[in-house]
Amino acid sequence: AQSVAQPEDQVNVAEGNPLTVKCTYSVSGNPYLFWYVQYPNRGLQFLLKYITGDNLVKGSYGFEAEFNKSQTSFHLKKPSALVSDSALYFCAVRDPYGNKLVFGAGTILRVKS
Amino acid sequence: DTAVSQTPKYLVTQMGNDKSIKCEQNLGHDTMYWYKQDSKKFLKIMFSYNNKELIINETVPNRFSPKSPDKAHLNLHINSLELGDSAVYFCASSQGGGPRGTDTQYFGPGTRLTVL
């Protein structure tokens, strides 16, 4: 069965510094990977996805993610963090035999000024 | 112009009651979903409909019954509410379902259900 692990409950970064939110996955077949962000009392907003092609995927709000097949990872990155990036981030993998998303437990990102 | 909308945003009710949550999407998608987010923020799929046909039914108590009157709507009815049903329920939609679908799921704002 497919699964996603987000090893860090929380990531703290200073504003202006680069950030990384980690995600590893386990799936049979080709992985379809997604990152979503959830702001307090809001729904999930789509950031980016990897389906196939270039291992470096660019998404919304300056975020990007690097797909690494050998390490089964899909880490979310941003070169320069903003305070407004503070939120809960979810990595998800799509079931290759259906269309449900399996989510990681989420990582809280705190960016301090 | 809201893409995926849910009503109500908040729902507070007593144990044993029956309640419904409504979801509508104006994206022209053919697949809709219900997810549950528990108090620890963990998200899990409950149901999925493709063109009004149920295609995903996870291990959910049969007190939960989804209904899709048309492609743009997916409602969730819950009978005999229990304390453990308290959670945030998210509706989502995507274009394309099944094994070949790779399209992004777009989420509604959520409905916070509190059972007293």
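Located above this text is the structure these notes cover.
Residues numbered from 1 in each chain as written. Chains lettered and ligands numbered in written order. Predicted model: local features only at pLDDT ≥ 70, side-chain atom pairs only at ≥ 80, totals over all residues. Heavy atoms only, no water.

Asks: Help me understand the overall build of chain A, please; the structure alone is not making it clear to me.
Replies: Scanning chain A for helices and strands turns up zero helices and 12 strands. Mapped from its N terminus to its C terminus, chain A presents α and β elements in the order β-β-β-β-β-β-β-β-β-β-β-β. Here chain A has a C-alpha radius of gyration of 13 Å; the compact-globule value for 113 residues is 13 Å, and the two agree. Projected onto its principal axes, the C-alpha coordinates of chain A cover approximately 45 × 30 × 20 Å. Taken over 113 residues, chain A has a buried fraction of 50%. Considering only contacts within chain A whose residues lie at least 6 apart along the sequence, 55% involve residues at least 24 apart. Counting only carbon and sulfur atoms, one obtains 48% of the accessible surface of chain A, whose full area is about 5,200 Å². In chain A, the 11 positive side-chain charges and the 8 negative ones have mean positions that sit 4 Å from each other. (Helix = DSSP H or I, 4+ residues; strand = E, 2+ residues; numbered from the N terminus. Rg over C-alpha atoms; globule rule 2.2 N^0.38 Å. Buried < 20%, exposed > 50% of the residue type's maximum accessible area, 1.4 Å probe, protein only. Contact = heavy atoms within 4.5 Å. Areas by Shrake-Rupley, 256 points an atom, 1.4 Å probe, with all protein chains shown as cover. Lys, Arg positive; Asp, Glu negative; His and termini not counted. Charge placed at Lys NZ, Arg CZ, Asp CG, Glu CD.)

Asks: Any chance you could explain the nonpolar core here in plain terms?
Replies: Within soluble globular proteins, side chains that are nonpolar tend to cluster in buried spots. One finds A:Trp35, A:Leu47, A:Leu48, A:Phe74, A:Leu76 and A:Tyr89 to be the most contacted residues of the largest nonpolar core, which totals 29 residues. Secondary structure elements with two or more residues in this core: strand S2 (10–14), strand S3 (19–21), strand S5 (33–38), strand S6 (44–50), strand S8 (64–68), strand S9 (73–78), strand S10 (87–94) and strand S12 (107–112) of chain A. Ranked by residue count, the leading element in this core is S10(A), at four residues. The residues touching A:Leu48, leaving out its near neighbours within four places in the chain, are A:Leu33, A:Phe34, A:Trp35, A:Val57, A:Lys58, A:Gly59, A:Phe63, A:Glu64, A:Ala65, A:Phe74 and A:Leu76. One finds B:Phe47, B:Phe64, B:Leu74 and B:Val115 within the second-largest nonpolar core, a separate group that totals 19 residues. (Core = buried A, V, L, I, M, F, W, Y, C linked by side-chain atoms within 4.5 Å.)

Asks: I would appreciate a short explanation of the environment of A:Leu56 in the present structure.
Replies: All names here are of chain A. With respect to the helices, strands and loops of the structure, Leu56 is situated in strand S7 (residues 56–58). The class for Leu56 is partly exposed, based on a relative accessible area of 36%. With 53 residues separating them along the chain, Leu56 and Leu109 place their C-alpha atoms 21 Å apart. Each residue touching Leu56, except ones within four places of it in the same chain, is listed here: Glu64, Ala65 and Glu66.

Asks: I tried to follow the interface of chain A and chain B on my own but got confused; where do I start?
Replies: Quite often, the size of an interface is put as the accessible area lost when its parts meet. Between chain A and chain B, the residue contacts involve 22 residues of the former and 27 residues of the latter. Together, A:Asn99, A:Lys100 and A:Phe103 form the three largest contributors to the area buried by chain A at its contact with chain B, with a combined 29%. If you look at where chain A meets chain B, you find one salt bridge. Between the two partners, chain A and chain B, sit five residue pairs in polar contact (both at pLDDT 80 or more). (Buried area = accessible area lost by both parts, 1.4 Å probe. Salt bridge = Lys/Arg side-chain N within 4 Å of Asp/Glu carboxyl O. Polar contact = N/O pair within 3.5 Å; in protein donor to acceptor, adjacent residues only side chain to side chain.)

Asks: Could you clarify how one ought to interpret the state of the cysteines in this entry?
Replies: Put plainly, a disulfide is one covalent bond tying together the sulfur atoms of two cysteines. Tallying each qualifying case throughout the model produces two disulfides over all chains. Disulfide partner of A:Cys23: A:Cys91, at an S-S distance of 2.0 Å. Between A:Cys23 and A:Cys91 the sulfur-sulfur dihedral comes to about -65°; the bridge is accordingly left-handed. With A:Cys23 in the loop between S3 and strand S4 (24–26) and A:Cys91 in strand S10, the pair connects residues that are 68 residues apart, well separated along the chain. A relative accessible area of 0% means that A:Cys91 is categorised as buried. B:Cys23 shares a disulfide with B:Cys91; S-S distance 1.9 Å. Looking down the S-S bond of the B:Cys23 and B:Cys91 bridge, the torsion is -75°, so its handedness is left-handed. Of the two residues, B:Cys23 sits in strand S3 (residues 19–25) while B:Cys91 sits in strand S9 (residues 87–94), which places them 68 residues apart along the sequence. B:Cys23 sits in the buried class, given a relative accessible area of 1%. (Disulfide = S-S within 2.5 Å.)

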